[in-house]
Amino acid sequence: MATIRVGLISAPNFPAEIAEKLCDELPDIFVKYIDKETSWKVESTVDTLVGVAEETKEVLDNASNIKKDHNWDFVICLTDLPIFMKKKIVVGNASIKNKIGQVSVPAFGVMPMRKRIRVIIVELMKELYRNSERQPTRDDQTLVNGKDAAKNIGKQFYFSRVRRVEAAEDDELDFRYIVRSAFIGYVRILFGMTFANRPWAALLSFKKLVMLSFASGAYISIFPNPWVLSVEYSPVRLSILSLLSIFGMVVWIILTHNLWEKPSQHGKKRWRNLYNRTTFLTLTSIVVLNYLVLFSMFLAGMALLVPPELFQLRTSVEGMPSFIYYIKLVWLITSCGTLAGAIGTGLESEERIRNVTYSFRQQQRYYEIGEEEDKNEKQDEETEVEKRCSR
């Protein structure tokens, strides 16, 4: 029985975790859906260029070298970069000549992600294998066609939103899978890049923010005005206050820690806008989670420490206060505490905040832009010195 070696080259962090899990699953899947008479061996490695290079040619050249070094027959690259074809979002592409496929992880949006990536890898490998000179002669019963594979895996609905297109003659690639709708594709990319940043895991990194927000809210609750206002405020007014506190903190973090990428000669406007929106969405997710944690803490505290008689005394509510009154009070205090706690983000270092909110690629891009700006400033200084000397 022939053995085919397939390598998964992934970018660091999230794509690397997906690749590691897929290594155990893919051999059996390849046997079941591609070639029943072939033994498959899948290995993985991490390479930073896969998560940094924005040009397809760079990725292909680097993947070809790694494939040769590891003696692999085929290679699938898992990148955390979005791949564009004009205004369309590319889910995966492949070069039959080089026996290399590429999958854009953020193009799959949010969970469940690994199952969708597994499907597209099967589709890419099927076409690469069928067009490979290494493929032995098989009858039709041994090789499973694409539609049947997608149906058997149970993800046929996914391919209804994706279509296969041939690449141009002067392109490095042979075919691509693109999202049919440009808008849906962009939304999936945006949420996929945000999901890869794992905002839920960043909550513990904002301990100072949580502590200061809780302390601010607890201090505000001492005074009678918040109690009275919570009774008078409508849910609409409280909702507006919540949005102001959340987005106010997000904007404050971005401005105080220089997280917004400014126009520069490095990279295209499309990439800059995408990364800025991802940063904003990631921070918004972190602050919302922080808001929910504070709300839960204040609600538990109020329910345990504030009897109905005390609430009635401080607010002059007629009759016994219902649980809705407690919810509105906690809602108001959480919003005020969150807004006041924004000051606490200044206590965190800029590098720490950036490590929490930026993906691997965004951090590389930040340092590249910084080096570019330093170089430009140095050139400007040298030019200014030369002008003074010439005078």
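Look above for the structure.
Residues numbered from 1 in each chain as written. Predicted model: local features only at pLDDT ≥ 70, side-chain atom pairs only at ≥ 80, totals over all residues. Heavy atoms only, no water.

S.K.: Tell me about the overall build of the protein, and please be specific about residues and values.
M.R.: A tally of regular secondary structure across the protein gives 14 helices and eight strands. Counting over 391 residues, the protein shows a buried share of 48%. Look at the contacts in the protein between residues 6 or more apart in sequence, and 77% of them connect residues 24 or more apart. (Helix = DSSP H or I, 4+ residues; strand = E, 2+ residues; numbered from the N terminus. Buried < 20%, exposed > 50% of the residue type's maximum accessible area, 1.4 Å probe, protein only. Contact = heavy atoms within 4.5 Å.)

S.K.: Report on the environment of Ala 19, specifying residues and quantitative values.
M.R.: Secondary-structure assignment places Ala 19 in helix α1 (residues 14-33). Through-space distance from the C-alpha of Ala 19 to that of Cys 77 is 9.3 Å; in sequence the pair is 58 residues apart.

S.K.: So, the pairing of strand β2 (residues 38-46): which residues are in play, and what are the values?
M.R.: When strand β1 (residues 2-10) meets β2, the two strands line up parallel, connected through nine bridges. Note on β2: the bridge partner recorded for Ser 10 is Val 46. Note on the crossover from β1 through α1 to β2: the handedness is right-handed. (Pairing = 2+ DSSP bridges. Right-handed = clockwise from strand over helix to strand, strands pointing away.)

S.K.: Give me helix α7 (residues 207-220): which residues, what numbers.
M.R.: In an α-helix, one turn spans 3.6 residues; hence positions three or four apart end up facing the same way. Compared with the 20 Å implied by 1.5 Å per residue over 14 residues, the 20 Å span of α7 between its first and last C-alpha is a close match. Taken together, the buried positions of α7 are Leu 209, Val 210, Ser 213, Ser 216 and Gly 217. Down the axis of α7, the sector holding all buried residues measures 135°, keeping them to one side. Turned more than 90 degrees off the buried face of α7, the exposed positions are Lys 207, Met 211 and Tyr 219. (Expected span 1.5 Å × (residues − 1). Arc of directions from axis to C-beta.)

S.K.: An account of a nonpolar patch on the surface is requested, with residue identities and associated values reported.
M.R.: On the surface, a cluster of nonpolar side chains totalling about 300 Å² of accessible area is made up of Val 110, Met 111 and Phe 191. With respect to the helices, strands and loops of the structure, Met 111 is situated in the loop between β6 (100-104) and α3 (114-130). (Patch = residues over 30% accessible without salt bridge, like charges linked within 9 Å, V, L, I, M, F, W, Y side chains within 5 Å. Areas by Shrake-Rupley, 256 points an atom, 1.4 Å probe, with all protein chains shown as cover. Salt bridge = Lys/Arg side-chain N within 4 Å of Asp/Glu carboxyl O.)

S.K.: Please provide a residue-by-residue account of the environment of Phe 84, values included.
M.R.: One can find Phe 84 in strand β4 (residues 83-85). Given a relative accessible area of 17%, Phe 84 falls into the buried group. On a C-alpha basis, the gap between Phe 84 and Tyr 186 in space is 9.8 Å, while along the polypeptide they are 102 residues apart. For Phe 84, the contacting residues outside a window of four places in its chain are Ile 89, Val 90, Arg 270, Trp 271 and Leu 274.

S.K.: How would you summarise the pairing of strand β5 (residues 88-95) if you had to cite specific residues and measurements?
M.R.: For a regular strand, side-chain orientation follows a simple rule: the groups alternate between the two sheet faces. With seven of its eight residues buried, β5 lies for the most part within the structure. Bridge count for β4 against β5 is three bridges, and the pairing is antiparallel. Opposite Ile 83, over in β5, you have Val 90 as the bridge partner. Adjacent in sequence and paired antiparallel, β4 and β5 are bridged by two residues, among which Lys 86 carries a positive phi angle near 60°. Where β5 lies against strand β8 (residues 175-179), four bridges are found, and the strand directions are antiparallel. Bridged to Gly 92 within β8 is Tyr 177. Here four bridges tie β5 to β6, and the two strands are oriented antiparallel to one another. Bridged to Gly 92 within β6 is Val 103. In sequence, β5 turns back onto β6 through a hairpin of four residues, with Lys 99 there showing a positive phi of about 60°.

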